[in-house]
Amino acid sequence: MDFILELLLSAFIVIAGFFSLVGSFGLLKLPDVMTRLHAPTKATTLGVGGILVASMLYNLMAHGTVSVHELAITLFLFITAPITANFIAKAYLHEQRDKTVKGLPKPDDKASDWATYKVPERQAES
């Protein structure tokens, strides 16, 4: 039983390390903010989450207790990563509003409220 547990924990740690490495590499090497955004919010979150799950399993099997702190960290990580990505993407869209960026909608009179991209009335008049 101990051998199977060690194999399971080792697999979690190796897979989590791989995801963390890929996420960190993507953060450094991807060309722009919108593509670079996916590396830490997806791959690195899975990496840190995998290490925390492995640690919780080890604590449960070795000491017979559930680590509430690690569970709270894991839940907090999986809840806040998508919200942070959303805020970064919206900030990027607003920053690039007046610049010509391929793939971004142009602000005009018919703009919808998609991603809060609508031009305020006071800016539209000038």
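Notes on the structure in this doc start here. (Residues numbered from 1 in each chain as written. Predicted model: local features only at pLDDT ≥ 70, side-chain atom pairs only at ≥ 80, totals over all residues. Heavy atoms only, no water.)

### A look at the packing of helix α1 (residues 2-29) against helix α3 (residues 38-63)
Reasoning step 1: Packing of α1 against α3 leaves a shortest axis separation of 7 Å and a crossing angle of 160°. Classified by the angle their axes make, α1 and α3 are roughly antiparallel. Crossing handedness for the pair α1 and α3: left-handed.
Reasoning step 2: Residues that form the contact of α1 with α3 fall into these classes: 19 nonpolar, seven polar and no charged. (Axes fitted to C-alpha atoms, helices over the stretch in contact; angles between N-to-C directions. Helix = DSSP H or I, 4+ residues; strand = E, 2+ residues; numbered from the N terminus. Parallel < 35°, antiparallel > 145°, perpendicular 65-115°, else oblique. Left-handed = near helix turned anticlockwise from the far one by under 90°. Nonpolar A, V, L, I, M, F, W, Y, C, P; charged D, E, K, R; others polar.)

### As for the packing of α3 against helix α4 (residues 68-95)
Reasoning step 1: One can describe the packing of α3 onto α4 by two numbers: an axis separation of 9 Å at closest approach and a directional angle of 170°. Overall, the two elements α3 and α4 adopt an arrangement that is roughly antiparallel. Residue-level contacts link Thr41, Thr45, Val48, Gly49, Leu52, Ser55, Met56 and Asn59 of α3 to Glu70, Leu71, Ile73, Thr74, Leu77, Phe78, Ala81 and Ala85 of α4.
Reasoning step 2: Looking at side-chain class alone, the contact of α3 with α4 contains nine nonpolar, six polar and one charged residues. (Contact = heavy atoms within 4.5 Å.)

### Remarks on the environment of Leu93
Reasoning step 1: Here Leu93 lies in helix α4.
Reasoning step 2: Taking the C-alpha atoms as reference points, Leu93 and Met34, separated by 59 residues in sequence, lie 9.3 Å from one another.

### Overview of the environment of Ala11
Reasoning step 1: Tracing the backbone through its elements, the reader meets Ala11 in helix α1.
Reasoning step 2: Judged by its relative accessible area of 33%, Ala11 is partly exposed.
Reasoning step 3: Sequence spacing of Ala11 and Ala54 is 43 residues, and the spatial spacing of their C-alpha atoms is 8.8 Å. (Buried < 20%, exposed > 50% of the residue type's maximum accessible area, 1.4 Å probe, protein only.)

### Section: the side chain of Ser20
Reasoning step 1: Within the element layout of this structure, Ser20 appears in helix α1.
Reasoning step 2: Accessibility expressed as a relative area gives 18% for Ser20, which makes it buried.

### Some words on α3
Reasoning step 1: Taking 1.5 Å per residue as the helical rise, α3 with its 26 residues ought to reach 38 Å, and the 36 Å between its terminal C-alpha atoms agrees with that figure.
Reasoning step 2: Within α3, the axis deviates most sharply at Thr44, by approximately 30°.
Reasoning step 3: Looking at α3, one finds that the buried residues are Ala39, Thr41, Ala43, Thr45, Gly47, Gly49, Gly50, Leu52, Ala54 and Met56.
Reasoning step 4: Buried residues along α3 sit in contact with α1, α2 (33-36) and α4. (Expected span 1.5 Å × (residues − 1). Bend = angle between axes of the 7 residues up to and from the residue.)

### Some thoughts on a nonpolar patch on the surface
Reasoning step 1: Taken together, the side chains of Leu71, Leu75, Ile79, Ile83 and Phe87 present a nonpolar region at the surface, about 490 Å² in accessible area.
Reasoning step 2: By the secondary structure assignment, Leu71 is in helix α4. (Patch = residues over 30% accessible without salt bridge, like charges linked within 9 Å, V, L, I, M, F, W, Y side chains within 5 Å. Areas by Shrake-Rupley, 256 points an atom, 1.4 Å probe, with all protein chains shown as cover. Salt bridge = Lys/Arg side-chain N within 4 Å of Asp/Glu carboxyl O.)

### Description of α1
Reasoning step 1: Across its 28 residues, α1 extends 40 Å between first and last C-alpha, which sits within 8% of the 40 Å expected from 1.5 Å per residue.
Reasoning step 2: Every buried residue belonging to α1 is among Leu5, Leu9, Ala16, Ser20, Gly23 and Gly26, and all of these are buried.
Reasoning step 3: Packed against the buried residues of α1 are α2 and α3.

### With respect to the packing of aromatic side chains
Reasoning step 1: If you walk through the whole model with that rule in mind, you get one aromatic pair.
Reasoning step 2: A centroid spacing of 6.1 Å and a plane angle of 65° characterise the contact between Phe18 and Phe19, whose relative ring orientation is edge-to-face. (Phe/Tyr/Trp six-rings, centres within 6.5 Å; stacked < 30°, edge-to-face > 60°.)

Take it as geometry only, folks, not as evidence of what the structure does.
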